[in-house]
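Listed here are the chains, written in short residue letters.
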Amino acid sequence: MTQIRSSTLASYWKCPYKVKLQSENPMWNHNFETGNLVHWVLSKIPDLILDGRGWEDVFNEELKNLRSCSQGGIERARECIRSGFENVQQAISDGYTITTEVPMSRKLPSGIVLTGTADRIDKSKKIFRIIDYKIGFFVPTKQDMLGDIQLMVYLFLAQNQASIGQSLKIGLFALGRKILQLIEVPIDIECAIEEILDSLAVSFSEGNYEPRPS
């Protein structure tokens, strides 16, 4: 059974030929250590808050594992984590149950299975929201989000996890600016998303790597 990761499909959407190059040349796949550090610490934050602990000790311990990172990069990572920590505190205070690094999978009509890992899922009685962390200062607009294929994959994967009666939202959290942009997604958009993703997945599995210069 063919499986495709959400990140791979998102890259394929932007430029199929780049995905081909990345598969043939592993050196193209850069390991952004600072970003990995931020995501790792953020994944631990809900448990740290529930245990009444801060994040600095965890951050400093994990920092020792970085091979190289500038002082500016370290400070930027601290600010991003602080932003995420404060947001999770607020979400818990607002009544959300929070899980991080949530693995998801779902089969498309073609039989191809999409897999992905959501940075964070918040649940309340009335709301189910998927949040993707972004390292940096870019603030996404709602139009940006509707065109973000990875968010659409997450949305598709999460459709069968939300409870009846919950509104479904997707969000991008620009950690560098402490801005969480959320949009509510109509349930009736599911079929359209499924059709787009299935077509894209079939094209990928058939090895169509036409370049998109843009």
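Structure: see above.
Residues numbered from 1 in each chain as written. Predicted model: local features only at pLDDT ≥ 70, side-chain atom pairs only at ≥ 80, totals over all residues. Heavy atoms only, no water.

Draft legend 1. Molecular detail of the pattern of salt bridges. One pass over the full model with this rule turns up nine salt bridges. The residue Glu 56 makes a salt bridge to Arg 78 at a minimum N-O spacing of 2.7 Å. Placement of Glu 56 in helix α4 (residues 56-63) and of Arg 78 in helix α5 (residues 71-93) is noted, with a sequence separation of 22 residues between them. Here Lys 134 makes a salt bridge to Asp 132, at a shortest N to O gap of 3.2 Å. (Salt bridge = Lys/Arg side-chain N within 4 Å of Asp/Glu carboxyl O. Helix = DSSP H or I, 4+ residues; strand = E, 2+ residues; numbered from the N terminus.)

Draft legend 2. A look at the packing of aromatic side chains. Per the stated rule, a full pass over the model turns up three aromatic pairs. When the ring of Trp 55 is compared with that of Phe 59, the centres are 5.8 Å apart and the planes differ by 85°; the resulting orientation is edge-to-face. For Trp 55, a relative accessible area of 6% puts it in the buried group. With a centroid separation of 6.1 Å and 45° between ring planes, the pair formed by Tyr 133 and Phe 173 is classed as tilted. Taken together, the positions of Tyr 133 in strand β4 (residues 127-134) and Phe 173 in strand β5 (residues 167-174) put the pair 40 residues apart, joining distant regions of the chain. With respect to class, Tyr 133 is no different from Phe 173; both count as buried. Over the face of the ring belonging to Phe 156 we find Arg 106, whose NZ or CZ atom lies 4.2 Å from the ring centre. The ring of Tyr 96 is capped by Arg 129, whose NZ or CZ atom sits 4.0 Å from the centre of that ring. (Phe/Tyr/Trp six-rings, centres within 6.5 Å; stacked < 30°, edge-to-face > 60°. Buried < 20%, exposed > 50% of the residue type's maximum accessible area, 1.4 Å probe, protein only. Lys NZ or Arg CZ within 6 Å of the ring centre and 35° of its normal.)

Draft legend 3. View of the environment of Leu 182. Counting through the fold element by element, Leu 182 comes out in strand β6 (residues 179-184). Residues Leu 182 and Met 152, spaced 30 residues apart in sequence, show a C-alpha to C-alpha distance of 13 Å. Sequence-distant contacts of Leu 182, defined by excluding residues within four places in its chain, comprise Arg 129, Lys 142, Met 145, Ile 170 and Gly 171. (Contact = heavy atoms within 4.5 Å.)

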